[in-house]
Amino acid sequence: MSKRPRPEPVQVIKQRRDAALHRLVDGVPYIQFLGIHFDRRGDELTAVLPFDEKLIGNPMLPALHGGATAAFLEVAAIIELSWSMLWEDMEQGRLDPSSPAAMAQLRLPKTIDFTVDYLRSGLPRDAYARARINRSGRRYASVHVEAWQDNRTKLFAQATGHFLMPSREDEPDPSHMLAT
Amino acid sequence: MTEPRTFVRQFIEALPHSSALGMELELLKDGVAVVAMPYDTRFIGDPATGVIHGGAVSALMDTASGAAVMCHPCQPVATATIDLRIDYMRPATPGQRITARAECYHVTRSVAFVRVTTTDEDTDRPVATATGAFTLERAKGSAK
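Since this is a predicted model, take the numbers as computed values, not measurements.

**Focus on the overall build of chain B**
Item 1. For chain B, the count of helices and strands is three helices and eight strands.
Item 2. Of the regular secondary structure in chain B, the N- to C-terminal order runs α-α-β-β-β-β-α-β-β-β-β.
Item 3. Since a compact globule built from 144 residues should have a radius of gyration of about 15 Å, the 15 Å found for chain B is in line with a globular shape.
Item 4. If one aligns the C-alpha atoms of chain B with their principal axes, the spans along those axes are about 55 × 25 × 25 Å.
Item 5. Taking all 144 residues of chain B together, the buried fraction comes to 51%.
Item 6. For chain B, contacts bridging at least 24 residues in sequence account for 61% of all contacts bridging at least 6.
Item 7. Of the roughly 6500 Å² of accessible surface on chain B, a fraction of 53% belongs to carbon and sulfur atoms.

Structure (structure tokens):
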């Protein structure tokens, strides 16, 4: 009976995954500007938007600005998509997240359209969001995002967006294949 | 009619998130609002290209849309976004100011419908367009 190779120590794996997530998120100035960070449980991400005065729209209520909410949901969707690609490459050993050169190669998906439903007014508190990839093809992806504050079952906003996936280096650029 | 418009202008200019994003109100008249946002490296969404984040463009369009509702001749006292659907046509050119023009083209007793277009300095090719529905709160006792 052949012995299985000893699995890597859990701390090594965790550090590698957390470092990859940080590199992905910290490299985007607008995510830093809004103060968004991500909690990770295995491959599951939760986006966290800590409350800040600059996120307020109507100061009389007060309520989060609809634009801040839309941006939060879009960030959650884009990072979820990028993370799912990154995760696969990382777990299969195709990408070494500790290599700055490899991480610099990463290209983010581009938003084609994004539809936000505002279900309740956003309270002046922390907000959370989770994105679910409903379909991810070679070129296009469809993502749904739910956001809540105090109560997970009482969403204050949800959104659906379509995204153009970055072309992978190991495949031909499909635009070259278009008949013109 | 100067009185309510002054109130609306001050209200829009005092929105904390909009001022944090450096938005400037350029026009506010009869259900049409134009709001601009100068390029700022803090708003970059794609570090590889320097293109600003779609979320910042959404915030600009949401602000312009809300402003268009507030300056509609029916003189609402408050509004909130019900939904906003944004289509991104092309990346805004890094370094350029972007401008959103929103038009509140129809109102019912309690809902306002808005369309909005954003361009950069190349005003012939839109960067993004959006359509939205907004709540419309009328002053108590105002005519329908």
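Still more ground to cover, so stick around.
**Structural notes on the interface of chain B and chain A**
One frequent convention defines the size of an interface as the accessible area lost when the parts assemble.
Item 1. Chain B puts 32 residues into the contact, and the matching count from chain A is 33 residues.
Item 2. Here chain B and chain A share an interface that buries about 2500 Å² over both sides, 62% of which is from carbon and sulfur atoms.
Item 3. When the buried area of chain B at its contact with chain A is split by residue, H17, H53 and Y88 of chain B rank highest and sum to 23% of it.
Item 4. At the surface where chain B touches chain A, the tally comes to one salt bridge.
Item 5. In this structure, the salt-bridge partner of R85 of chain B is D113 of chain A, at a minimum N-O distance of 3.5 Å.
Item 6. Run the count over chain B and chain A and you get 13 residue pairs in polar contact (both at pLDDT 80 or more).
Item 7. At the level of elements, α2 (16-20), β3 (44-46), α3 (54-70) and β5 (76-88) of chain B are the ones that each hand at least two residues to the side of chain B that touches chain A.
Item 8. The biggest single contributor to the side of chain B that touches chain A is β5 of chain B, with eight residues.
Item 9. The residue makeup of the side of chain B that touches chain A, split by class, is 16 nonpolar, 10 polar and six charged.
Item 10. In this structure, strand β3 (residues 110-118) of chain A lies alongside β5 of chain B, joined through five bridges in antiparallel fashion. Its bridge partner being in β5 of chain B, D113 of chain A is matched across the sheet by D87 of chain B.

**Focus: the environment of H53 of chain B**
Item 1. One can find H53 of chain B in the loop between β4 (51-52) and α3.
Item 2. C-alpha separation for the pair H53 of chain B and R42 of chain B, spaced 11 residues apart in sequence, amounts to 9.6 Å.
Item 3. The contacts of H53 of chain B, once residues within four sequence positions are left out, are V28, Y30, E74, V75 and I78 of chain A together with F43, I44 and G45 of chain B.

**Some points on helix α1 (residues 10-26) of chain A**
All names here are of chain A.
Item 1. Taking 1.5 Å of rise per residue, the 17 residues of α1 would be expected to cover 24 Å, and the 24 Å separating its terminal C-alpha atoms lies within 8% of that figure.
Item 2. Within the span of α1, buried status applies to R17, A20, L21, L24 and V25. Angular distribution of buried residues about the axis of α1 spans 125 degrees; they occupy a single face of the element.

**Thoughts on the sheet that holds strand β6 (residues 98-107) of chain B**
Item 1. In spatial order, the strands read β1(A)-β2(A)-β4(A)-β5(A)-β6(A)-β3(A)-β5(B)-β8(B)-β7(B)-β6(B)-β2(B)-β1(B); together these 12 strands make up an open sheet with antiparallel pairing. Across the chains shown, the open sheet's two edge strands, defined by having one partner strand only, are β1 (37-41) of chain A together with β1 (24-29) of chain B. Neighbouring strand axes in the sheet, compared pairwise and without regard to direction, differ in orientation by 25 degrees on average.
Item 2. Examined bridge by bridge, β1 of chain B and strand β2 (residues 32-37) of chain B share five bridges and lie antiparallel to one another. The residue of β2 of chain B that forms the bridge with K29 of chain B is V32 of chain B.

**Points about empty space enclosed by the protein**
Residues and elements named next belong to chain B.
Item 1. Evaluation of the coordinates by the stated rule reveals four cavities of 30 Å³ or more.
Item 2. Taken together, M37, P38, Y39, I52, A92, T93, Q96 and I98 make up the lining of the largest cavity.
Item 3. Residue composition of the lining of the largest cavity, grouped by class: six nonpolar, two polar and no charged.

About the thresholds
Residues numbered from 1 in each chain as written. Chains lettered and ligands numbered in written order. Predicted model: local features only at pLDDT ≥ 70, side-chain atom pairs only at ≥ 80, totals over all residues. Heavy atoms only, no water. Helix = DSSP H or I, 4+ residues; strand = E, 2+ residues; numbered from the N terminus. Rg over C-alpha atoms; globule rule 2.2 N^0.38 Å. Buried < 20%, exposed > 50% of the residue type's maximum accessible area, 1.4 Å probe, protein only. Contact = heavy atoms within 4.5 Å. Areas by Shrake-Rupley, 256 points an atom, 1.4 Å probe, with all protein chains shown as cover. Buried area = accessible area lost by both parts, 1.4 Å probe. Salt bridge = Lys/Arg side-chain N within 4 Å of Asp/Glu carboxyl O. Polar contact = N/O pair within 3.5 Å; in protein donor to acceptor, adjacent residues only side chain to side chain. Nonpolar A, V, L, I, M, F, W, Y, C, P; charged D, E, K, R; others polar. Pairing = 2+ DSSP bridges. Expected span 1.5 Å × (residues − 1). Arc of directions from axis to C-beta. Axes fitted to C-alpha atoms, helices over the stretch in contact; angles between N-to-C directions. 1 Å grid on protein atoms, 1.4 Å probe; cavity = no way out; pocket = protein on both sides within 12 Å on 5 of 7 lines; lining within 4 Å. Points joined across faces, edges and corners; volume = space filled by probe spheres on them.

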